[in-house]
Amino acid sequence: MADGIDNTPYPPRFFTRLLIWFCDAQLLEELQGDLEETYYYNHKTKGAFNARRLYIKEIIFLIRPSVVRKLNMNNYNNTMMIKNYAKVSFRNLLKYKLFSFINIFGLAVAMSVCLLIILMLADQHQYDGFHVQKDRIYRILTAHTDGNITAATSPFSTAQYLDENYSLAERTTTLRRGVGGDAVFEQNFSEMIGYFADPEFFNVFSYDLSKGNPATALINPNSMIISEEVSQKLFGNINPLGKIVEFTHRGLDFYSDDSGNPDAWGNYTITGVIPIKKYKTHLKFDVLISSSSLNSLYQQEKVADVSENWSNYYQTYNYVLLNPSSSEEDLSTALAEISKSKFSDLDDMKVSYLIPQSILDFRPGPLLNNTPSISLPLIIYYILGFMALIVLVLACLNYTNLSVARAITRSKEIGIRKVTGARRKDLLLQFLSESVITALLALVLANVILYFVKSAFMGLWVNKYLNFELTTNLYVYLIFVVFSILLGLIAGVFPALQLSKQQPVTAIKGLNSVRKGKLNLRKVLTVSQFATSLIFIITSIVIYNQFKHFMSYDYGFQTQNILNINLQSNAFQKVKNTLLEIPGVNDVSGCDYLPSTGRTEIIAFEKAESEETISVIAISASLNFINVLDFEIVAGEIPKSEINDGNTMIINRSAVEALGYDVPSEIIGQSFETTHKKSLTVSAVIEDFTFHLLFNGRATGPVLIRNAPELFTTATISISAARRAHIVADIEQAWKSIDPIHPFTYEFYEDNLASNNQGIFDILSIVSFIAFMAITIASLGLLGIVIYSAERRTREVGIRKVLGAGNYNLAFLLSKEFLQLLLIAIAVAAPLAYLFNNFWLDFMATRVAFGAGTLLLGSLVLLIIGLLTIGTQTFKAAASNPVEALKNE
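Residues numbered from 1 in each chain as written. Predicted model: local features only at pLDDT ≥ 70, side-chain atom pairs only at ≥ 80, totals over all residues. Heavy atoms only, no water.

Participant: I'm lost on the sheet that holds strand 20 (residues 714-719) in this one. Help?
Facilitator: Strand order across the open sheet formed by four strands is 12-20-11-21, with antiparallel pairing between neighbours. Sheet topology places strand 12 (585-591) and strand 21 (746-748) at the edges, where each strand pairs with a single neighbour. For this sheet, the mean inter-axis angle between neighbouring strands, taken without regard to orientation, is 25°. Direction of pairing for strand 12 relative to strand 20: antiparallel, over a ladder of six bridges. Note on strand 20: the bridge partner recorded for Asp587 is Ser718. (Pairing = 2+ DSSP bridges. Helix = DSSP H or I, 4+ residues; strand = E, 2+ residues; numbered from the N terminus. Axes fitted to C-alpha atoms, helices over the stretch in contact; angles between N-to-C directions.)

Participant: I tried to follow helix 7 (residues 158-165) on my own but got confused; where do I start?
Facilitator: Given 3.6 residues per helical turn, the α-helix brings residues three or four places apart onto the same face. Burial in helix 7 covers these residues: Thr158, Ala159 and Leu162. Buried residues in helix 7, looked at end-on, bunch into an arc of 95°, giving them a common side. Residues of helix 7 that are buried in the fold lie against strand 1 (137-144), strand 2 (169-185), strand 9 (316-322), helix 11 (328-343) and strand 10 (352-358). (Buried < 20%, exposed > 50% of the residue type's maximum accessible area, 1.4 Å probe, protein only. Arc of directions from axis to C-beta. Contact = heavy atoms within 4.5 Å.)

Participant: Help me out: how do you make sense of a negative patch on the surface in this one?
Facilitator: Negative charge collects at one region of the surface, where Glu29, Glu30, Asp34 and Glu37 lie side by side. Take Asp34: its relative accessible area is 41%, and that puts it in the partly exposed class. (Patch = residues over 30% accessible without salt bridge, like charges linked within 9 Å, V, L, I, M, F, W, Y side chains within 5 Å. Areas by Shrake-Rupley, 256 points an atom, 1.4 Å probe, with all protein chains shown as cover. Salt bridge = Lys/Arg side-chain N within 4 Å of Asp/Glu carboxyl O. Lys, Arg positive; Asp, Glu negative; His and termini not counted. Charge placed at Lys NZ, Arg CZ, Asp CG, Glu CD.)

Participant: Would you explain the pattern of salt bridges in this entry?
Facilitator: Two side chains that carry opposite charge are able to pair once their charged atoms sit near each other. In this structure the tally under the stated criterion is 12 salt bridges. The partner of Lys302 in a salt bridge is Asp263, with the nearest N and O atoms 3.0 Å apart. Placement of Lys302 in the loop between helix 10 (294-299) and strand 9 and of Asp263 in strand 7 (residues 263-274) is noted, with a sequence separation of 39 residues between them. Between Arg724 and Glu750 there is a salt bridge; the shortest N-O distance is 3.1 Å. Note that Arg724 is positioned in helix 22 (residues 724-738) and Glu750 in helix 23 (residues 749-756), a separation of 26 residues in sequence. Each of Asp123, Lys280 and Glu469 takes part in a single network of salt bridges with overlapping partners.

These figures come from the coordinates and say nothing about function on their own.
Quick look at the structure:
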């Protein structure tokens, strides 16, 4: 307590009250004390978020027969009353079959999406759960005060410095990126990607080796641990321990198939085999090379020595295993001191600082740079959860809407119960038990729907990078049940409160006791449901149109009949000469990467006589690259020969403007220097083209193309449109003579660009599915209300028919109120949909036109669905026999 402020951390009060409510009085004091003591310890050692999460988890797991207090016999007549509530609930569900179906199906549809998100979260939380000391393992991140995205990496010496100067770490280990190439044993070959690792790796993490000793496998220089998959490729069924492989580094990494020039790193001894595929871990690798091997590579200048470079934070992952007596706050304090000590004198690191991240928070977590593997960031779960919540709210509104509508029908039942001695809380329990049973029945149907939803989700393009498994277990099913019970309570609480507060005499009067004004709530709920559905419908149409626009977009260069081949470290000139002999191959160019594929290389250069510096996107490519992709030349010309053209560059129109030239022809022959003092002369200017991915919303800006054959990773081939399949087969056959080891890998440029746009198709699929569910739930709710309204007006319809009213007039009379609600929903939702979709479209680099036509189409879809829903029942009511209606009345 300081200055009247209590800084004591308190557990979540709602769950504390929940514990007090359900826990047996004899166990409460001891359990609550233990839980709070654990909470305070976790708050100190793991932070507030993890402390709350674990506290809530423990309370949920305490909801079991041995802990839950026994019901008071005098108040609830114990088991008999519970059985009675359940029996009456099932009778009411069977009595009102249509209403029950609508409620159960609507809740099931909404729950299926929520269950999918629960499965996704459960899947992500399974990562790294096998580590014995997982609650004490932290990764050191590099954050920036200027708002840049935090990186999962940190300077090489961070963990070592922490270990040497602070006593809070029990163990530390460092992984260095940059291992990627070919391992060869006799005639066998395997590509592999991984890290340099120190011996402490197996003391911090709980990986096991299927062959070898983890205590010694990474001690000696030129030692190598390989995965079981690599072992099978290289050695088959032979024991690999002690075998020597020749390793050639090619610059491969986890995020790209590109490779640089081959660099022989020498021979390595296999000291272990790791079954990495059996572990659900954030780290993925094929190989671990002992960190002691780095010294030799430093001396040979094959690897840059960054061991004392505190500015280089993007190549290494540092992990800390805290002492049991140390906390995350202690680690944060130590890292803040290290940041101040090491970064304050570095100009490029003054805005940077080090922070810890618990291994329990890796997935799902914040969006990070340099992550070892791709995962959905936490913000995506918030977005998906928000959309699922909307659908869930619609389903709950349906339940509320139909329950309030049924209140008139059940008013006599309520009155009789109250007259015979039922108290309000008895009625509350009765109605809540109905809603909970409805939710549990919906859970059964939701699991059936989930089977198909899960299959569709697993088939999305993005999942090949995310690797969701979505397996279920007892823990997940327990969460499902708890979730459905909570949903039943939430959906049923308002109807229960409304129904249970009726006075006995008023309730027994039935229909005549309800004023028309009381029905306005249903109108508001119906309008809300259809307005939300319309926003989803319009958004789905806009996303579909945007996707079509992307697929037919003109990038400003040729994409048809362009074949891209990964050189896999083969000499470009050799590949080019061989492929040009194949009939149907028009031209072959080389480059380090291609535009509009998501990769960007930035360099800075300045005019020779000026200190002005601009940032430019740089592509290394042979000069015929311009002709192969058919860029439009606006000034100058492409050199005829590529000999001695290393000082030549081609720039786009935006680069001309960035350098202060008004006319492209004026810049031809001008020289500029890069920050590395290399002089480049402009030989030609090409028209601007789209460089970035279409959906990232970034303008291209200045671009230069220069010839640097040593950087080429891709051969870009222009082929004839006729006989494409035969030409590709001939190229594949020729590749075997170029490189008998590496497999032939290729992709058509148009397919590559289309694949990059599949992400927005996934978004379209998700939003369209949400829209379908929203409109289904809203239509079912409207169907129930229309049926109920028609039943209430049976006598009115009979009298009007006897007096001569026609079927169409009666159908319109019964439909008029609901048509008005649909029109109100359109009036409310159309402007909101227009504002929302224009907002996100403005972030696109190129966007589709969006106006009144799309709004009208979406509104028409909603009206058609609404009219079909209303019309089927109103015409049925209008065509009924008036004699039967009046006789029943």
